[in-house]
Amino acid sequence: MLKKIMKGGHRKPSKLDSTDASLYGFGPPGSRNPGSGPTPNVVVNHASRVGPGAAGPNSVVPTVPPPMGAVEPLPLFRDVPISERQNLFMRKLQICCFQLDFSDTLKSVREKEIKRQTLLELVDFIQSGSGKITEMCQEEMIKMVGINIFRGLPPASHENTGQEATDPEEDESYLEPSWPHLQLVYELLLRYVVSSDTDTKVAKRYIDHSFVLKLLDLFDSEDPREREYLKTILHRIYGKFMVHRPFIRKAINNIFYRFIYETQRHSGVGELLEILGSIINGFALPMKEEHKLFLVRALIPLHKPKPVAMYHQQLSYCITQFVEKDYKLADTVIRGLLKYWPLTNCHKEVLFLGELEEVLEATQSAEFQQCMVPLFRQIARCLNSSHFQVAERGLFLWNNEHIVSLISQNRQVVLPIIFEALERNIQSHWNQAVHGLTVNVRKMFMEVDAELFDECERQFSEKEARASEVEEQREMTWKKLADVAAERGGDNMVTV
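Residues numbered from 1 in each chain as written. Predicted model: local features only at pLDDT ≥ 70, side-chain atom pairs only at ≥ 80, totals over all residues. Heavy atoms only, no water.

### Examining the overall build of the protein chain
Each helix and strand in the protein chain was counted, giving 21 helices and two strands. Going through the 496 residues of the protein chain one by one, you find that 47% of them count as buried. Long-range pairs, those at least 24 residues apart, make up 73% of the contacts in the protein chain between residues at least 6 apart in sequence. (Helix = DSSP H or I, 4+ residues; strand = E, 2+ residues; numbered from the N terminus. Buried < 20%, exposed > 50% of the residue type's maximum accessible area, 1.4 Å probe, protein only. Contact = heavy atoms within 4.5 Å.)

### A short note on the nonpolar core
Residues F89, F256, L273, L299, F376 and W398 are the most contacted members of the largest nonpolar core, which totals 130 residues. For this core, the element with the most residues is helix α6 (residues 179-194), which contributes 10 residues. Sequence-distant contacts of W398, that is, excluding residues within four places in its chain, are made with F376, I379, L383, V404, I407, I418, V441, M444 and F445. (Core = buried A, V, L, I, M, F, W, Y, C linked by side-chain atoms within 4.5 Å.)

### Some points on α6
Compared with the 22 Å implied by 1.5 Å per residue over 16 residues, the 22 Å span of α6 between its first and last C-alpha is a close match. Taken across its 16 residues, α6 has 12 buried, putting it largely inside the fold. Three or more residues of α6 are buried, namely W179, H181, L182, L184, V185, Y186, E187, L188, L189, L190, Y192 and V193. Summarising the contacts, the buried residues of α6 are in contact with α3 (109-128), α4 (135-149), α7 (200-203), α8 (209-217) and α9 (224-240). (Expected span 1.5 Å × (residues − 1).)

### Quick look at the packing of helix α16 (residues 365-383) against helix α19 (residues 411-428)
Any two packed helices are characterised by how steeply their axes cross, that is the angle between the axes, and by the distance between the axes. Where α16 meets α19, the axes come as close as 9 Å, and the angle between the chain directions of the two elements is 5 degrees. Here α16 lies roughly parallel to α19, going by the angle between them. Of the residues in α19, those in contact with M372, V373, F376, R377, A380 and L383 of α16 are V413, V414, I417, I418, A421, L422 and N425. Its residues assigned to classes, the contact of α16 with α19 comprises 11 nonpolar, one polar and one charged. (Axes fitted to C-alpha atoms, helices over the stretch in contact; angles between N-to-C directions. Parallel < 35°, antiparallel > 145°, perpendicular 65-115°, else oblique. Nonpolar A, V, L, I, M, F, W, Y, C, P; charged D, E, K, R; others polar.)

### Let's talk about the packing of helix α15 (residues 346-361) against helix α18 (residues 401-409)
Contact geometry of α15 with α18 gives a least axis separation of 9 Å together with a crossing angle of 70 degrees. Accordingly, the angle class assigned to the pair α15 and α18 is roughly perpendicular. Residues E357, L360 and E361 of α15 form the contact with α18, whose own contacting residues are H402, I403 and L406. When its residues are assigned to classes, the contact of α15 with α18 shows three nonpolar, one polar and two charged.

Right, here's the structure in full:
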């Protein structure tokens, strides 16, 4: 896959830039001029999220190379007195605020290594818990994290070429060149969030709604390593910052709405669904109306987009979690699946049948009875599919004991619906495996209720006989018309 990376132009540093150390983070905290240095926001148009010149949450700090000799390695934490460690922590944060150009591997090699080592020391310091950092240090650390991770993402290759998005497992993923530093910044943020020393009352001032929204924007990154870190961090934030929970759920909801109804392009839907799977598992009963609306308005419509195969496993898990939490939702879920059932995409049909089996396993008899008529009409169509995998997957439903039990209890309704499909398969399906499975299912019904089976067979025979009579009558009518036309038209009649 052709990788195209958007490169922003670097402004030429002025003499003032090279002499004013505060522009590079060496001034005291809060002393930087808000109109200079690395603080101006330069908006990068990423994919379809942010239009040209539009100010969005995903703004970046321009890559400004540090002045020659400005980045020098600082002493290790263990080499300074405890009283000096907070000050040293701040100075190390300032070094990590430098933005370095990773498009050229030979550029700023020394500075990159110093920054990498400094980030490693910061991670070890937070992880070891050797000293509780002050509120000012926490604020500056979150600022440094934001400077490094919040940036404009390059457009995906299919957005540049007009090609359709492909399964990331079948294609090379774009890998972020600055990952050696980004990974350590994410690790630092993760260690800060999970640390027992982190006071949520203090941390929520810096990890606020704006910070969370920017994190969610980064889920559209093509780099799977970055999405994996984001998934872990957002999940930890959701678990630790209870005040943010409704906001996070609503923000994820909005991402799904835009994906379903506008773009149908997003790299991180699978990771977001993984987070939601864990969240749904923790829902209290009785389930809130807000959660049921989320199922109906966001999760079920996620079956509609064409690239559903890329995240179907996670989506299926979330859907099943809802039904297992509240079995009364089974009817809603099954009717939702039928609403978005694919007509021409056989691969999606196989996925839907697999998900349907998982939902039916958690379905009780009362809910099954509410939707069994439209459900088995669709299953009958699947059994007669000329694509053998669809027909085979539909017949595999009879290998599930719970589903067989539900069908047996309601065989008076189910068998008349699917009997014709079973007979058609035996008569004319081209695939031997499908033919064999159909014979087994037919035999199962015969053993469960021979009287009902005979009645369905009699009705099918009568229907076939009527159809044959209608066909013969039609042929006779056409023959009579042809004879009349021949008599009246003579040689002028055109025959086909």
